[in-house]
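Here's the letter readout for the chains.
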Amino acid sequence: MTKDRYILAIESSCDETSVAVLKNNSELLSNIIASQVESHKRFGGVVPEVASRHHVEVVTLCIQDALNESGIGVQQLDAVAVTYGPGLVGALLVGMAAAKAFAWANGLPLIPINHMTGHLMAAREAGALTYPLLALLVSGGHTELVYVKEPGDYKIVGETRDDAVGEAYDKVGRVMGLTYPAGKEIDNLAHKGQDIYDFPRAMIKEDNLDFSFSGLKSAFINLYHNAQQKGQALKSTDLSASFQAAVLDILLAKTKRALELYPVKTLVVAGGVAANHGLRERLAEEVADQVEVRIPPLRLCGDNAGMIALAAAIEFKKGHFANLDLNAKPSLAFESLAD
Ligand code: KG4
Ligand code: ZN
């Protein structure tokens, strides 16, 4: 009988402090998420210095909670995984200092994980992934199409040239007076409205896999301010429906083109925006008959350490460990075996 393996993972790249314990390949025993969103709401976005301070306050409590909830003792752990980028440097450093100290004090190996690999590997919770696969990664900081030949071999085949899609949601939400982050609320409002404003769908017909959302964002803001100046009130339901329809048309068009160029069996859609109900509906209607669509469950779409642990299980098997001089990489890109 083989011994069970336990990995403790820490994520602190942005405004969530999270610690998870994973048993073997894919059994998440705990996934504690301490969100700072209430502290950042009043600023309309994440304030890096505030984020770092919050991480310092709660990271050790989160480690304790994750261990308690898992029922696993420190002595049973086999490794500690940590996000080392991309993200806010100060925020990353807090999680990394905690992970390194914990690893050193308990004689455990350290597994470095790319935050975006974590988002992608969260899709393992939706079913086994077959490679090669294509991933549409949509979050507050990233919008990219990635060809994954095998775990660890990633090639970005398309990406945003300006704003990330989550960022666009949050910016137009701010204009409408919604609280940060606005993606979920816009998604809900969109389901109650109509696409009546016909916003631009940038680069949709261009023969590439890149995205652009800044023109859409500007068109939205112009429409909103012009109406305000004329004293007209626009319905947030119709505004949201129109904005979301444009976003989804762009995401679907580029994903379908990518599937033509890279005919794979599995499409992963992950990152905070993968929680979007409209996106899930459109994927089910328009691509689910061609490929197996794997989207993480809602609780694993936003930032969390469970996804870092799921990615770490693969790295553990490969023996990919880091020394204690591992540094934070705020602009870490996807690694590729080919490079
Ligand atoms: O992955 P994530 O939690 O953090 C980053 O790594 O950036 O993504 C956060 C982003 C925010 O911009 C938020 O507004 C967006 O995901 N988001 C959504 C939805 N839920 C969260 N966007 C659209 N629809 C949603 N339901
Ligand atoms: Zn993220």
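Everything quoted here is computed from the prediction, not taken from an experiment.

## Quick word on the environment of Glu315
For step 1, the next point in the chain: Within the fold, Glu315 resides in helix H10 (residues 305-318).
For step 2, the next point in the chain: By relative accessible area, which is 10% here, Glu315 ends up buried.
For step 3, the next point in the chain: When the C-alpha atoms of Glu315 and Pro112 are compared, they prove to be 8.6 Å apart, with 203 residues separating the residues in sequence.
For step 4, the next point in the chain: Here Glu315 is in contact with Ile111, Ile113 and His320, once residues within four sequence places are set aside.

## Structural notes on the sheet that holds strand S3 (residues 27-35)
For step 1, the next point in the chain: The strand order across the open sheet formed by five strands is S3-S2-S1-S4-S5, and the pairing between neighbours is mixed. At either margin of the open sheet sits one strand with a lone partner, and together these are S3 and strand S5 (110-114). Across the sheet, the mean angle separating the axes of adjacent strands is 20° when strand polarity is ignored.
For step 2, the next point in the chain: Pairing of strand S2 (residues 16-23) with S3 involves eight bridges; the strand directions are antiparallel. Directly across from Val19, in S3, lies its bridge partner Ile32.
For step 3, the next point in the chain: Against the sheet, H10 contacts strand S1 (6-11), S2, S3, strand S4 (79-85) and S5, and its axis sits at roughly 130° relative to S1.

## Concerning the domain arrangement of the protein
For step 1, the next point in the chain: Domain boundaries in the protein define domain 1 (6-121 + 301-318) and domain 2 (131-298).
For step 2, the next point in the chain: Between the C-alpha centres of domain 1 and domain 2 the distance comes to 27 Å.
For step 3, the next point in the chain: In this assembly, 17 residues from domain 1 lie in contact with 25 residues from domain 2.
For step 4, the next point in the chain: Between domain 1 and domain 2, roughly 1500 Å² of surface is buried when both sides are summed, and carbon and sulfur atoms account for 69% of that area.
For step 5, the next point in the chain: On the domain 1 side of the contact with domain 2, Met116, Leu120 and Cys301 bury the most area, a combined 45% of that side's loss.

Here is what the cut-offs are and how they apply
Residues numbered from 1 in each chain as written. Chains lettered and ligands numbered in written order. Predicted model: local features only at pLDDT ≥ 70, side-chain atom pairs only at ≥ 80, totals over all residues. Heavy atoms only, no water. Helix = DSSP H or I, 4+ residues; strand = E, 2+ residues; numbered from the N terminus. Buried < 20%, exposed > 50% of the residue type's maximum accessible area, 1.4 Å probe, protein only. Contact = heavy atoms within 4.5 Å. Pairing = 2+ DSSP bridges. Axes fitted to C-alpha atoms, helices over the stretch in contact; angles between N-to-C directions. Domains from an automatic or database assignment. Buried area = accessible area lost by both parts, 1.4 Å probe.

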